[in-house]
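# Coordinate inspection notes
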Amino acid sequence: MQHPEELKYTKDHEWVRIEGDTGTVGITHHAQDALGDVVFVELPEPGANLERGAEFGTVESVKAVSELYAPLSGEVLEVNEALADAPETVNDDPHGEGWMLKVKIGSTDELSELMSAADYQKLLDD
């Protein structure tokens, strides 16, 4: 599976799509594949403030519960409500319809600390 070039990645296997001052966040294809069938996603409420690197929710699969870590600091603008009824969307389309939340980017300085698709692939290959 190719990692979309327009996305930025973290070592914790989250991705970010930057659009203006908003970042859409999800987990990578690699992460959902490692988790197995996702059965529940716990996300923060809109208005919550995220701190880069801090836990913001969990993903529960048939294998395990995994923490989600904020790739950026900022305010949660929106969460993907569809995941409450269809958590398997994270498996089916992790880089698209399986997005988790949208964040108003608090500091553009943090963007430079995210990985490119090529760098993320190197992390997986090591």
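Residues numbered from 1 in each chain as written. Predicted model: local features only at pLDDT ≥ 70, side-chain atom pairs only at ≥ 80, totals over all residues. Heavy atoms only, no water.

## Quick word on the pairing of strand 9 (residues 101–105)
What you see with strand 9 is a clean split: L101, V103 and I105 sit on the buried side and K102 and K104 on the side with no burial. Of the strand pairs in this sheet, strand 3 (residues 22–27) and strand 9 are connected by four bridges, and their pairing is antiparallel. Residue pairing in the sheet places G23 in a bridge with V103 of strand 9. In this sheet, strand 9 lies alongside strand 8 (residues 74–79) in antiparallel orientation, the contact comprising five bridges. Its bridge partner lying in strand 9, V79 is registered against L101. (Buried < 20%, exposed > 50% of the residue type's maximum accessible area, 1.4 Å probe, protein only. Helix = DSSP H or I, 4+ residues; strand = E, 2+ residues; numbered from the N terminus. Pairing = 2+ DSSP bridges.)

## What about the packing of aromatic side chains?
A ring pair, where both rings are aromatic, is described by two values, the distance of the centres and the angle of the planes. Within the structure shown, the criterion is met by one aromatic pair. Just above the ring of W99 sits the side chain of K102; from NZ or CZ to the centre is 5.1 Å. (Phe/Tyr/Trp six-rings, centres within 6.5 Å; stacked < 30°, edge-to-face > 60°. Lys NZ or Arg CZ within 6 Å of the ring centre and 35° of its normal.)

## Considering the environment of E88
As for its position among the elements, E88 is in the loop between helix 2 (82–85) and helix 3 (89–92). The spacing of E88 and D37 is 51 residues in sequence and 6.6 Å in space, taken between C-alpha atoms.

## Some remarks on the pairing of strand 6 (residues 55–61)
Of all seven residues that make up strand 6, five are buried, and the element is covered over most of its length. As paired elements, strand 4 (residues 38–42) and strand 6 share four bridges and run antiparallel to each other. Bridge pairing in strand 6 links E42 to T58. Pairing of strand 6 with strand 7 (residues 65–69), which is carried by five bridges, proceeds in the antiparallel orientation. Counterpart to E55 in the pairing with strand 7 is Y69.

## Some words on the nonpolar core
Ranked by size, the top nonpolar core spans 22 residues in total, and within it I27, L50, F56, V90, M100 and L101 carry the most contacts. For this core, the secondary-structure elements that each account for two or more residues are strand 3, helix 1 (29–35), strand 4, strand 6, strand 8 and strand 9. Residue contributions to this core peak at three residues, all from strand 9. Among all residues touching I27, those that are not within four sequence positions of it are H13, E14, W15, Q32, L35, L68, V90, P94, H95 and M100. If you look at the next biggest cluster of nonpolar residues, it comprises seven residues, including Y9, W99, A117 and Y120. (Core = buried A, V, L, I, M, F, W, Y, C linked by side-chain atoms within 4.5 Å. Contact = heavy atoms within 4.5 Å.)

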